[in-house]
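Chain residues, written in single-letter form:
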Amino acid sequence: MIKDPRASWEGPFPYDALAPAGVTPWTSHADMQDVSFELLARHLMTPVTQQAWDELRTVRRRLLVDLFLYDVDPAAELPLAAEEIARRTAPLGDPGAAPGDAAPGPLPEATARLVADLVRFDV
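From a predicted model like this one, the values you see are computed outputs, not experimental measurements.

Criteria and thresholds
- Per chain, residue numbering runs from 1 following the sequence as it is written.
- With pLDDT at 70 or above as the cut-off, local features in this predicted model cover only qualifying residues; side-chain atom pairs require 80 or more to be listed or tallied, and sums for whole chains, interfaces and linings still use all residues.
- Side-chain numbers here rest on the full set of heavy atoms in the structure, without hydrogens or water.
- Where helices and strands are cited, they refer to DSSP runs of H or I of at least four residues and of E of at least two residues respectively, numbered from the N terminus.
- Only protein chains enter the accessibility calculation, which uses a 1.4 Å probe. A residue is then buried if its area is under 20% of the maximum for its type, exposed if over 50%, and partly exposed in between.
- Using the Shrake-Rupley algorithm and a 1.4 Å probe, accessible areas are obtained, with residue cover drawn only from the displayed protein chains.
- What makes a salt bridge here is a side-chain nitrogen of Lys or Arg within 4 Å of a carboxyl oxygen of Asp or Glu, nothing more.
- Each pair of aromatic rings taken from Phe, Tyr and Trp, with Trp reduced to its six-membered ring, is defined by centres within 6.5 Å and is described as stacked if the planes are under 30 degrees apart, edge-to-face if over 60, and tilted in the remaining cases.
- Two limits define a charge over a ring: the Lys NZ or Arg CZ must be within 6 Å of the ring centre, and within 35 degrees of the ring normal.
- Whether two residues are in contact is decided by their heavy atoms: any pair within 4.5 Å suffices.
- We treat Lys and Arg as the positive residues and Asp and Glu as the negative residues; His and chain ends play no part in the count.
- By the criterion applied in these results, polar contacts are pairs of N or O atoms within 3.5 Å in which, for protein atoms, one can donate a hydrogen and the other can accept it, and in which residues neighboring in sequence qualify only through two side-chain atoms.

Caption draft 1: Summary view of the overall build of the chain. A count of helical and extended segments in the chain gives seven helices and two strands. Tracing the chain from N to C terminus, the helices and strands come up as β-α-α-α-α-α-β-α-α. Residues classed as buried in the chain amount to 20% of the 123 residues present. Surface exposure of the chain reaches about 9,300 Å², of which carbon and sulfur atoms provide 61%.

Right, dumping it as structure tokens:
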């Protein structure tokens, strides 16, 4: 699971705070109810871990936390991402062209006029 890097959270992210107790997004709800005992046994119960446990022990709050996590398999996704980057950076005109082929020609006049109409520089 990967945490959304743009997600803002007040205080430490709950799964990060409870990681020393073995809590992960795959921890069952029944096991989550008993995490407080594990925290107490390991002398890890602090106000921070107490708040993190409070946020994860109810289904409604846990679903909100889980909303910021993505189940991604980097080994499967990286080749697809590399292909997409190569496709998007290929020169214009030839959709099958590989990166580094002939440079694209000048913009058509209508496109250049549209860009000139949309881009304004205030002086």
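Still more ground to cover, so stick around.
Caption draft 2: Just the pattern of salt bridges, in detail. Applying the stated criterion across every chain, the model contains six salt bridges. Among the salt bridges present, the one from Arg 87 reaches Glu 84, with a minimum N-O distance of 2.6 Å. A residue pair is termed a helical-turn pair when its members lie 3 or 4 positions apart in one helix, as Arg 87 and Glu 84 do in helix H6 (residues 74–89) at three residues. Each of the salt bridges in this network shares a partner with another, and the network as a whole consists of Glu 84, Arg 87 and Arg 88.

Caption draft 3: Looking closely at the packing of aromatic side chains. According to the stated counting rule, one finds one aromatic pair in the structure shown. Relative to Tyr 15, the ring of Phe 13 has its centre 6.3 Å away and its plane inclined at 45°; by these criteria the two rings are tilted. Geometry around Trp 53 places Arg 57 over its ring, the cationic atom sitting 4.5 Å from the centre.

Caption draft 4: Up close: the side chain of Glu 55. Among the structural elements, Glu 55 can be located in helix H4 (residues 47–57). Ignoring sequence-local partners within four residues, the contact set of Glu 55 consists of Trp 9, Pro 14, Arg 61, Arg 62 and Val 65.

Caption draft 5: Structural context of the side chain of Arg 62. Following the sequence through the fold, Arg 62 ends up in helix H5 (residues 59–66). We note that Arg 62 is buried and unpaired, the nearest opposite charge coming from Asp 66 at a distance of 4.0 Å. At a separation of 3.3 Å, a polar atom in the side chain of Arg 62 contacts the main-chain carbonyl oxygen of Pro 25. Apart from the residues within four sequence positions on either side, Arg 62 is in contact with Tyr 15, Thr 24, Pro 25, Thr 27, Ser 28, His 29, Met 32, Glu 55 and Leu 56.

Caption draft 6: Up close: the environment of Asp 54. Turning to its location among the elements, Asp 54 is positioned in helix H4. Under the relative-accessibility criterion, Asp 54 is labelled partly exposed at 30%. Separated by 18 residues in the primary sequence, Asp 54 and Ser 36 place their C-alpha atoms 9.5 Å from one another.

These values are about where atoms sit, not about what they do.
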